[in-house]
Amino acid sequence: MTALLSLTTIFLSYNQAQSECKFNLFIPAERGFVLDLSRHHIDQLSNEISYLFFLRSSSKSSLSVDVGLRRSPRSKQTIEIESDPLFGYLNDRRGLPSKLSIGLEGWTPRGVSGSMKVVARFENASAQVTLHYTAHKEKGKPRFNNETWDEDIALVESLARQAMSIAVRWKLAGVGSSIDAGRESLIERGYVRLGPWMTSKGFTVTWDPMKRMATFTKGNQTIKLAEGSREGFDGSVRKDHGSLIVGLNGELWAKTSQLSSWIN
Amino acid sequence: MAHALPPISARDVDFTGNHPMRNVDGPYADPEVTWSSSGTEAAPAISIDIDGNLSVKFEHYNNSDKSGTGVFQVYFAELLLPDSTTVPLQVNGNSGASASVSIPAYGSFWSPNFQISGWDPWIHGGQLRIGYLVDTTGIPGLVGYGMTREWRFLVNLEPPVGHMATVWHELLEETTAYAWGEDDPTQAGKDLTFGLYYAQRFAYPGQENLTSNWFDESNSFKLSTLLRTSGWVTGNCYDVAVYLHLLFESQGLSNEPLLRLCQRGPYDLRAFLSNDICPIGSDSTIPSNYNPIAWTNHCVVLFDGKIFDACLALQKAPDLSGYWNPPASWTSTQHWYVDHGQEFTGVAKRFIQPSEIISFDPPQFNFDLHLPHEMTQSEDTTFIFGGIL
C-alpha cells in the first residue's frame, strides 16, 4: 500500500505541473491530424502556455498550436534577434492566404520550406502555430515532403487566428476563462458584435471559415475583416481599424469607432 | 489431495544511486518496478555513471500462513551487451551474495540491499540481468521463489546535469549511441557533435527561413514536441545548439551557457558572410553542398572553453588540412576565423558590404564572391534559454 501511495503522489505532482491544455480547437477530420499531446505549463516566471500537439501519419508531419500569456519581459537578446535590421522577422506578417496580419506583431512563413510557423502577439498575449514536415534524402540533401503546403498554410492561418482570439480572451478575462466571462470582458472594453453592427448599417455578410474572414457587402462597397487582425480590406485598399477583431464562440467582436469611418 | 500453496510473488524493486529519469511522457516511477493490482509496472531503464554507486533491493509477498527465516540469494548479475557478450558484475564485491530474510505470513518483505558494481568505465549500455532466489528450505511447507530480471542499463560519463538533472531517456539513448566507448569528456563532446550533425535529424532551413522553430514564446525549448516529431525536421543554429547542449548535459558534461557569436563590422550592419559551409542535414562529403550564407549571429555550444558546432561542416581544419566535418573542440579563434595569408579557415569570411544588399525585407543579397576575406574576432555573448518544455 505504501508503494501505491508513493506512486500516486508522484503522478499527482507531475499532473499539477503539466495539466491539460486549457483550450480546444477543431480541426476537420479529413485533414488527418490526430491529437497526440495536450498540455498547460506555467514556468518559474509565471509565464503560462497551453498547447495542443497533433500528428499526421499520412505525411508524417506534426502540428503544434500554442496560446500563451507572458508575465515576464522578453529578453533583450530575443528582441535583438527578432528585430535585427537585416534578418529581423517581426514585421514579416503577411505570408498568409488572406494577406492580412494577425495580432500586433509577429511573423509568417517567408516561403515554402520544411516547416511553417506563424507567431502572433497582442501585447503579452500570443498565439503560435507550427507545422513540421519530415524529409527524405535526395542528392545528398533533405527533401521535405511539403506537397500539401498550400492547404496546410490555410489551415495554419485559420488556427492562428482562432488561437489569437483565445489568447486575447485570456488576457482580458483570465487564463482558461469561460465564453461568458470573455463576452463580459469584451463588452466592458467597448467591443460589439461585428455581424449585427454591420447588418444594422445595411451590409450583408458572408463568412470564410478557413480564412476566418467576414466579407461585408453593401452596394458597391465590400469590406473584408479577419479574426485576430486589426487590418482589413476596404475594396482593394488595406486599412487599419485600430483594434483586433476577436472571435468568441462563433461570433466576431470589434471596436467600431474607426470602422465607422470606413462606411460610405 | 494436497493443495499446493501459492508461490511467493514479486512486487517492488528499488534501485538507489541511479539517476532520476523521465521520458517524453513524464517521470519514471521510483521504485523502478512497482507492483499494482493491474500487474507489474517496470521503469524502462536504469541510468548510472561510470563511478556510480548502485544498490538494489527486492520486495516480495508471501500469500501463505507459513512464516520464518529464509535466505535471499543473488547468485549472479551481469550486463548483456548488444553484441551478445556479457560482462559479469559483482554483487557486494563477489560473484554473488546472500543474506537471511524474515518472511512473514500473509505479508510482504524486503531483501537487504545488494551492492552492484563492475561495469566498464566508459559510456555504454546493455541489459542488466540479476538472478536471485528466495530459499525457504528452513520453512517447512513454503515453496521458495526464484527468477532472473532484466532492465535497460545505461552507463553515463558523469551524472546528468542542468536541464537533464532528471535525464530524458530518449536523449540518454541517443548520446550513448553517439559516444559509445568514450571515457574522455572532450572526446565524448566531439562524438556528440558529430553524432548530431550526421543524425539526419535537423536540417538547416536555409537563407529564406532563418527563424528558430523549436522555441515557445517564453523562450523555452519544446523538447517534448520535437521528440514526438519523427524523422528530419528543420532547425536553425539556436535549435541545433540547444539540442546539442542538452545532449552534453545528459552525459554530465559541464553546462556552460550557450555562446552567441556576433559581429558588428565596419558597416554597422551586423552582417557577415560565412565561409563555404555545409549546413546540418546535407551530405558533407559533396563539395557542391558547401556554400556561403549571410548571418548576423550564430549560436554554438561552449564546453571547457572550446566550441562545438553541430550546425555546419567546414572543408578545412585550422591547420589547412582537409576536414569536411563539423567543428568540435576548436578554440574560439579557430572556429571563427584564422587568416593564413592566401587562405583562411573558420566559419566567418568577411563583412557584408552595403552594396551587396538588394533588399532588407525580405533579405536579398548579391554577394560579390571575389571580395577578399577579411574578419575580426567576434563579439561573443551568452545565450540563455528559458528551460525545456
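Quick caveat, the model's predicted, so the values are computed rather than measured.

Colleague: Explain the overall build of chain B to me, using residue names and the numbers behind them.
Modeller: From N to C terminus, chain B includes five helices and 33 strands. Relative to the compact-globule value of 21 Å for 389 residues, chain B shows a C-alpha radius of gyration of 27 Å, a clear excess of over 25%. Its C-alpha atoms put chain B at 100 × 40 × 30 Å along the principal axes. The proportion of buried residues among the 389 residues of chain B is 56%. By sequence separation, contacts in chain B at least 24 residues apart represent 72% of the contacts at least 6 residues apart.

Colleague: Kindly report on the interface of chain B and chain A, identifying the contributing residues and their values.
Modeller: With 61 residues of chain B at the interface, the matching set in chain A holds 53 residues. Counting the surface chain B buries against chain A, the share from its top three residues, Glu-217, Arg-228 and Trp-232 of chain B, is 17%. Taken together, the links from chain B to chain A amount to five salt bridges. Measuring nitrogen to oxygen at the nearest pair gives 2.7 Å for the salt bridge that ties Asp-36 of chain A to Arg-228 of chain B. The tally of links from chain B across to chain A stands at 15 residue pairs in polar contact (both at pLDDT 80 or more).

Colleague: Which residues make up the side chain of Glu-174 of chain B, and what are the values?
Modeller: Here Glu-174 of chain B lies in helix α1 (residues 169-178). If near-sequence neighbours (up to four positions away) are discounted, Glu-174 of chain B is found in contact with Leu-196, Tyr-243 and Leu-247 of chain B.

Colleague: Describe the pairing of strand β12 (residues 213-218) of chain A, naming the residues involved and giving the relevant values.
Modeller: Residue and element names in this part refer to chain A. Here strand β11 (residues 204-208) pairs with β12 via five bridges, running antiparallel. Counted as the bridge partner of Trp-207 is Ala-214 from β12. Between β11 and the antiparallel strand that follows it, β12, lie four residues; Arg-212 among them carries a positive phi value of about 55°. Counted along the chain from β12 to the antiparallel partner strand β13 (residues 221-226), the turn is two residues long, and its residue Gly-219 has a positive phi close to 60°.

Colleague: Quick rundown of the packing of aromatic side chains? Include the residues and the values.
Modeller: Residues and elements named next belong to chain B. Applying the stated criterion across every chain yields a total of 26 aromatic pairs over all chains. On the numbers, 4.8 Å between centres and 90° between planes, the contact of Tyr-197 with Tyr-198 is edge-to-face. Using a relative accessible area of 2% as the deciding quantity, one classes Tyr-197 as buried. Ring geometry for Phe-248 versus Phe-303: centroids 5.6 Å apart, planes at 70°, classification edge-to-face. Of this pair, Phe-248 sits in helix α4 (residues 237-250) while Phe-303 sits in strand β23 (residues 297-303); the two residues are 55 residues apart in sequence, bridging distant segments of the chain.

Colleague: Break down the sheet that holds strand β15 (residues 237-240) of chain A for me, citing the residues and quoting the values.
Modeller: Either a parallel or an antiparallel arrangement is found when strands of a sheet pair, and the pairing is made through backbone hydrogen bonds. Residues and elements named next belong to chain A. Pairing is antiparallel in the open sheet, where five strands are placed in the order β11-β12-β13-β14-β15. Among the strands making up the open sheet, the edge pair consists of β11 and β15. Between one strand axis and the next, the sheet turns by 25° as a mean value, whatever way the strands run. With six bridges connecting them, β12 and β13 associate as antiparallel partners. Residue pairing for β13: Thr-217 is matched across the bridge by Thr-222.

Colleague: Please give an account of the environment of Gly-70 of chain B that cites residues and values.
Modeller: All names here are of chain B. Counting through the fold element by element, Gly-70 comes out in strand β8 (residues 68-80). Through-space distance from the C-alpha of Gly-70 to that of Ala-99 is 8.5 Å; in sequence the pair is 29 residues apart. With residues up to four places along the chain from it excluded, the contact list for Gly-70 reads Ala-99, Ser-100, Val-101, Ile-103, Asp-135 and Ile-139.

Colleague: So what's going on with helix α3 (residues 149-173) of chain A? Residues and values would help.
Modeller: All names here are of chain A. The end-to-end C-alpha distance of α3 is 35 Å, a good match for the 36 Å that 25 residues give at a rise of 1.5 Å each. Of all 25 residues in α3, 20 are buried; the element is thus mostly enclosed. Gly-174 lies just past α3 and shows a positive phi near 110°.

Colleague: Residues and numbers for the domain arrangement of chain B, please.
Modeller: All names here are of chain B. Per the domain assignment, the segments of chain B are domain 1 (9-156) and domain 2 (175-383). The C-alpha-based centres of domain 1 and domain 2 are spaced at 45 Å. On the domain 2 side, the residues contacting the ten residues of domain 1 number 13 residues. Across the domain 1 to domain 2 interface the summed buried area is about 960 Å²; carbon plus sulfur atoms make up 58%.

Colleague: Help me get a handle on empty space enclosed by the protein, residues and values and all.
Modeller: Taking a probe equal in size to a water molecule and rolling it over the atoms shows the remaining empty space. Following the criterion strictly, the structure yields four cavities of 30 Å³ or more and no others. Of the pockets and cavities examined, the second largest cavity occupies roughly 50 Å³. Phe-53, Ser-62, Leu-63, Ser-64, Thr-130 and His-132 of chain A together with Asn-213, Trp-214, Lys-222 and Thr-225 of chain B are the residues that line the second largest cavity. The set of elements that each furnish at least two residues to the lining of the second largest cavity consists of β4 (61-69) and β7 (125-132) of chain A.

Colleague: Mind laying out the nonpolar core, listing which residues take part and the relevant values?
Modeller: Core analysis: the biggest nonpolar cluster contains 122 residues, and Ile-130, Phe-221 and Leu-223 of chain B have the highest contact counts within it. When sequence neighbours within four positions are dropped, the list of residues in contact with Phe-221 of chain B reads Trp-214, Phe-215, Leu-226, Asp-239, Val-242, Tyr-243, Leu-246, Phe-385, Gly-387, Ile-388 and Leu-389 of chain B. If you look at the next biggest cluster of nonpolar residues, it comprises 45 residues, including Ile-27, Val-129, Met-164 and Val-246 of chain A.

Colleague: Any chance you could break down the side chain of Asp-152 of chain A for me, citing the residues and the numbers?
Modeller: All names here are of chain A. When you line up the elements, Asp-152 lands in helix α3. Among the residues examined, Asp-152 registers a relative accessible area of 0% and is labelled buried. Of note is the side chain of Asp-152, whose polar atom sits 2.6 Å from the side chain of Tyr-133.

Colleague: How would you explain the packing of α3 of chain A against helix α4 (residues 179-188) of chain A if you had to name every residue and give the values?
Modeller: Residue and element names in this part refer to chain A. Closest axis-to-axis distance for the α3/α4 pair is 9 Å, and the angle between their directions is 75°. One finds that α3 runs roughly perpendicular with respect to α4. Taken together, the residues of α4 that come into contact with α3 (itself represented by Arg-169, Leu-172 and Ala-173) are Ile-179, Ala-181, Gly-182, Ser-185 and Leu-186. The class makeup of the residues in the contact of α3 with α4 is five nonpolar, two polar and one charged.

Colleague: Please set out the environment of Val-246 of chain A residue by residue, giving values where relevant.
Modeller: All names here are of chain A. Topologically, Val-246 is positioned in strand β16 (residues 246-248). Since its relative accessible area comes to 2%, Val-246 is described here as buried. The spacing of Val-246 and Pro-73 is 173 residues in sequence and 24 Å in space, taken between C-alpha atoms.

Colleague: Explain the domain arrangement of chain A to me, using residue names and the numbers behind them.
Modeller: Residue and element names in this part refer to chain A. Parsing chain A into structural domains produces domain 1 (17-174) and domain 2 (180-262). Opposite the 23 residues of domain 1 that make contact, domain 2 presents 24 residues. By the criterion of area lost to domain 2, the three top residues of domain 1 are Leu-100, Arg-161 and Leu-172, representing 30% of everything that side buries. Linking domain 1 with domain 2 are zero salt bridges. Where domain 1 touches domain 2, the interface holds nine residue pairs in polar contact (both at pLDDT 80 or more). When the residues that make up the side of domain 1 that touches domain 2 are grouped by side-chain class, the tally is eleven nonpolar, six polar and six charged.

Definitions and cut-offs
- Residues numbered from 1 in each chain as written.
- Chains lettered and ligands numbered in written order.
- Predicted model: local features only at pLDDT ≥ 70, side-chain atom pairs only at ≥ 80, totals over all residues.
- Heavy atoms only, no water.
- Helix = DSSP H or I, 4+ residues; strand = E, 2+ residues; numbered from the N terminus.
- Rg over C-alpha atoms; globule rule 2.2 N^0.38 Å.
- Buried < 20%, exposed > 50% of the residue type's maximum accessible area, 1.4 Å probe, protein only.
- Contact = heavy atoms within 4.5 Å.
- Buried area = accessible area lost by both parts, 1.4 Å probe.
- Salt bridge = Lys/Arg side-chain N within 4 Å of Asp/Glu carboxyl O.
- Polar contact = N/O pair within 3.5 Å; in protein donor to acceptor, adjacent residues only side chain to side chain.
- Pairing = 2+ DSSP bridges.
- Phe/Tyr/Trp six-rings, centres within 6.5 Å; stacked < 30°, edge-to-face > 60°.
- Axes fitted to C-alpha atoms, helices over the stretch in contact; angles between N-to-C directions.
- Expected span 1.5 Å × (residues − 1).
- Domains from an automatic or database assignment.
- 1 Å grid on protein atoms, 1.4 Å probe; cavity = no way out; pocket = protein on both sides within 12 Å on 5 of 7 lines; lining within 4 Å.
- Points joined across faces, edges and corners; volume = space filled by probe spheres on them.
- Core = buried A, V, L, I, M, F, W, Y, C linked by side-chain atoms within 4.5 Å.
- Parallel < 35°, antiparallel > 145°, perpendicular 65-115°, else oblique.
- Nonpolar A, V, L, I, M, F, W, Y, C, P; charged D, E, K, R; others polar.

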